[in-house]
Amino acid sequence: MLRFITRSIGGGLLLIILLLVLGTVVPRPFFADDTAGVKDREILLLSNPIHTDIALPVDEDLRRVFSELQEDGIAVNHPAAVYLVFGWGGRSFYTETPTWADLKPMPVLRSLTLDHSVMHVDVTGDFPADLSGVKRLRISEAGYQRLLAGVRASFVRKDGKVQLVPGVAYGLNDAFFEANGWFNALAGCNTWSAAMLREAGIRTGWWTPLPPLLRWSVALHN
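Notes on the structure in this doc start here. (Residues numbered from 1 in each chain as written. Predicted model: local features only at pLDDT ≥ 70, side-chain atom pairs only at ≥ 80, totals over all residues. Heavy atoms only, no water.)

## As for the overall build of the protein
Right, so step 1: Looking only at helices and strands, one finds 7 helices and 10 strands in the protein.
Right, so step 2: In the protein, which comprises 222 residues, the share counted as buried stands at 42%.
Right, so step 3: Approximately 12100 Å² of the protein is accessible, and the part contributed by carbon and sulfur atoms is 63%. (Helix = DSSP H or I, 4+ residues; strand = E, 2+ residues; numbered from the N terminus. Buried < 20%, exposed > 50% of the residue type's maximum accessible area, 1.4 Å probe, protein only. Areas by Shrake-Rupley, 256 points an atom, 1.4 Å probe, with all protein chains shown as cover.)

## Focus on the pairing of strand β5 (residues 115–124)
Right, so step 1: Most of β5 is tucked away: 8 of the 10 residues are buried.
Right, so step 2: Pairing geometry for strand β4 (residues 83–90) and β5, over 8 bridges, is antiparallel. Along β5, the bridge assignment pairs Tyr83 with Thr124.
Right, so step 3: Relative to strand β9 (residues 174–183), β5 is paired through 7 bridges, and the arrangement is antiparallel. Across the sheet, the residue bridging to Met119 is Phe177, located in β9. (Pairing = 2+ DSSP bridges.)

## Some details on the sheet that holds β5
Right, so step 1: Read across the open sheet, the 6 strands follow the order β6-β2-β3-β4-β5-β9; overall the sheet is antiparallel. The outermost strands of the open sheet, each flanked by one partner alone, are β6 (134–139) and β9. With strand direction ignored, the average angle separating the axes of adjacent strands in the sheet is 25°.
Right, so step 2: Pairing between strand β3 (residues 52–57) and β4: 4 bridges, direction antiparallel. The residue bridging Ala55 from the neighbouring strand is Val85, located in β4.
Right, so step 3: Sheet strands in contact with helix α6 (residues 189–199) are β2 (41–47), β3, β4, β5, β6 and β9, and its direction is about 35° off that of β3. (Axes fitted to C-alpha atoms, helices over the stretch in contact; angles between N-to-C directions. Contact = heavy atoms within 4.5 Å.)

## With respect to unusual backbone geometry
Right, so step 1: In this model, Arg28 is joined to Pro29 through a cis peptide bond whose omega is -5°.
Right, so step 2: Summarising the element assignment, Pro29 is placed in the loop between β1 (27–28) and β2.
Right, so step 3: Positive phi outside glycine occurs at Asp159, with the angle close to 55°.
Right, so step 4: Examined against the element boundaries, Asp159 turns out to sit in the loop between β7 (157–158) and β8 (161–162).

## Concerning the packing of α6 against helix α7 (residues 211–221)
Right, so step 1: Direction vectors running N to C along α6 and α7 enclose 20°, while the axes themselves pass 9 Å from each other. Between α6 and α7, the interaxial angle falls into the category roughly parallel. Handedness of the α6/α7 crossing: right-handed. On α7, the residues that touch Asn190, Ser193, Ala194 and Leu197 of α6 are Pro211, Leu214 and Val218.
Right, so step 2: The residue makeup of the contact of α6 with α7, split by class, is 5 nonpolar, 2 polar and no charged. (Parallel < 35°, antiparallel > 145°, perpendicular 65-115°, else oblique. Left-handed = near helix turned anticlockwise from the far one by under 90°. Nonpolar A, V, L, I, M, F, W, Y, C, P; charged D, E, K, R; others polar.)

Below you can see the structure in the form of structure tokens.
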């Protein structure tokens, strides 16, 4: 019996490893789009050991598209704003764990099962060129517009307005908003980032639930 359990666990681990490898090396979409046009836009993929964000340079176009966020404390019109940072994730873990010191069992359990989703939005200054965890990506104007549409579609709206999660923030410049979709261990923050990159015309791996897998797949397929 013990031998059977051990073999089952070992087989399960091998299957997970195989899925992760295939999810990284099999591109999505399978064929590259050679008609994307001039890649004159730059975006950033920000990553830490468990989470990825997408940072968009603040310009007049971005201020116009996300002007509604100004009403909820996101200073998109601030003259020092350089990037608007978007991250999608599970409501419980994302809002209750600003640092590892705040880690609690229930948010972890919900992140491994099923949870409502939220969108975290932050305004930042510039990032050093050699900062670890920052990957600069070039996309076309058409890809940029699709990316904006994809990010906007990720917000829940009521009567046309985004829905702020009140009383929750990491600092003075950020906020959480209700988001579309359900969060789980298989479809989490990094698969959302991958989906947004694909909207922008960047190929990713077929399934990249971890930041290193997403970064490696972007480097491999582009």
